[in-house]
Amino acid sequence: MLLGIYRQILLKRRRGQLTSLHPKCLAAFRPTSVNLGGLLWKTPWKLSITRKANARARLKKVDAVIETVRASGIQCSALEKALQLPKEHEMDPKDKYTVFSATSRGYRKGIHKVPKWTRLTLRVNPKGF
C-alpha cells in the first residue's frame, strides 16, 4: 500500500502536477541508516546449558523414531540412510554442538548458527574436522 502511494507521488512529480514536496513526506520510504541498525535478534556465541539439553533430547527423539520405523519392518532408502547415521550416545560432544564450516576459524561453528538447525540432520561432519 505504501509503495503504491509512493509510486503515485513520484508520477505526479514527474508530470509536473506536484511542484513542491517537503522532504519529510517521503521519510517513510527512506532506508534506515546503517549506524542506527543492527540485528534485532542477537545470536549468542555459544549454546546455553538448556539449549544443549534440548538439542540432546531432540537427537534422542529422532533416534527413537528411526528405531520405531525400523522395528515396524518398513524398508525404504530414507530409512537406510537414517540407520547409517550415528546415534546420540555414539556422537562426540563436538559433533553434537558444532558443525563443519570452511569459512570459520578452526573450521567449526556452533550448531545454533546454522539456519533452521533444529530441522536439519547435522550429525555427520568431514573426517579430520
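Predicted, not measured: the structure shown is a model, and the values here were computed from it.

Undergrad: Just checking my understanding: could you explain helix 2 (residues 49-72) for this structure?
TA: Between its first and last C-alpha, helix 2 extends 35 Å over 24 residues, near the 34 Å set by a 1.5 Å rise per residue. The set of residues buried in helix 2 consists of Ala-55, Leu-59, Asp-63 and Ile-66.

Undergrad: Sorry, what's going on with the pattern of salt bridges here?
TA: Two side chains that carry opposite charge are able to pair once their charged atoms sit near each other. Counting across every chain of the model gives four salt bridges. Here Glu-67 ties to Arg-70 by a salt bridge, and the two come within 2.4 Å at their closest N and O atoms. Placement of the pair is Glu-67 and Arg-70 together in helix 2, with a separation of three residues, close to one helical turn. According to the relative accessible area criterion, Glu-67 is partly exposed, its value standing at 31%. Classification of Arg-70 by relative accessible area gives partly exposed; the value is 41%. The salt bridge involving Lys-96 is made with Glu-88; its shortest N-O contact spans 2.8 Å. Per residue, the accessibility class of Lys-96 equals that of Glu-88, and both read buried.

Undergrad: Just checking my understanding: could you explain the side chain of Thr-98 for this structure?
TA: Structurally, Thr-98 is set in strand 1 (residues 98-100). A distance of 2.3 Å separates the side chain of Thr-98 from the backbone oxygen of Lys-94, its partner in a polar contact. In this structure Thr-98 touches Arg-108, Lys-109, Gly-110, Ile-111 and Asn-125, once residues within four positions along its chain are discounted.

Undergrad: Would you mind showing me how to read the packing of aromatic side chains here?
TA: Aromatic ring pairs are defined here through the distance separating the ring centres and the angle between the ring planes. What the rule picks out here adds up to three aromatic pairs. Pairing Tyr-107 with Phe-129 gives two aromatic rings, centres 5.3 Å apart and planes at 65°, and the pair type is edge-to-face. Taken together, the positions of Tyr-107 in the loop between strand 1 and strand 2 (108-110) and Phe-129 in the segment after strand 2 put the pair 22 residues apart, joining distant regions of the chain. Tyr-107 gets classed as partly exposed once you look at its relative accessible area, which sits at 41%. Residue Phe-129 is classed as partly exposed on the basis of its relative accessible area, which comes to 35%. The ring centre of Tyr-97 lies 4.9 Å from the NZ or CZ of Lys-52, which sits over that ring. Lying over the aromatic face of Trp-117, Arg-58 brings its terminal NZ or CZ to 5.2 Å of the ring centre.

Conventions and cut-offs
- Residue positions within a chain follow its written sequence, with the count starting from 1.
- Restriction of local features to residues with pLDDT of at least 70 applies here, the model being predicted, together with a cutoff of 80 or more for giving and counting side-chain atom pairs; totals for whole chains, interfaces and linings are based on all residues.
- Where side-chain values are given, they derive from all heavy atoms of the structure, hydrogens and water being excluded.
- A run of DSSP states H or I qualifies as a helix once it reaches four residues; a run of E qualifies as a strand once it reaches two. Both are numbered from the N-terminal end.
- The span you would expect from a helix comes to 1.5 Å times its residue count less one.
- Type-normalised accessible area, obtained with a 1.4 Å probe on protein chains alone, sets the label of each residue: buried when under 20%, exposed when over 50%, and partly exposed for intermediate values.
- Salt bridges are defined as contacts in which a side-chain nitrogen from Lys or Arg sits within 4 Å of a carboxyl oxygen from Asp or Glu.
- Here a polar contact is taken to be a pair of N or O atoms separated by no more than 3.5 Å, where protein atoms must pair a possible hydrogen donor with a possible acceptor and residues adjacent in sequence count only if both atoms sit in side chains.
- We call two residues in contact when some of their heavy atoms are within 4.5 Å.
- Only rings of Phe, Tyr and Trp enter the pairing, Trp through its six-membered ring, and a pair is recorded when the two centres are within 6.5 Å. The plane angle decides the type: under 30 degrees is stacked, over 60 is edge-to-face, the rest tilted.
- Throughout this description, the term charge over a ring refers to an Arg CZ or Lys NZ atom that lies within 6 Å of the ring centre and within 35 degrees of the ring normal.

Fair warning: the whole summary comes from geometry, so function is off the table for now.
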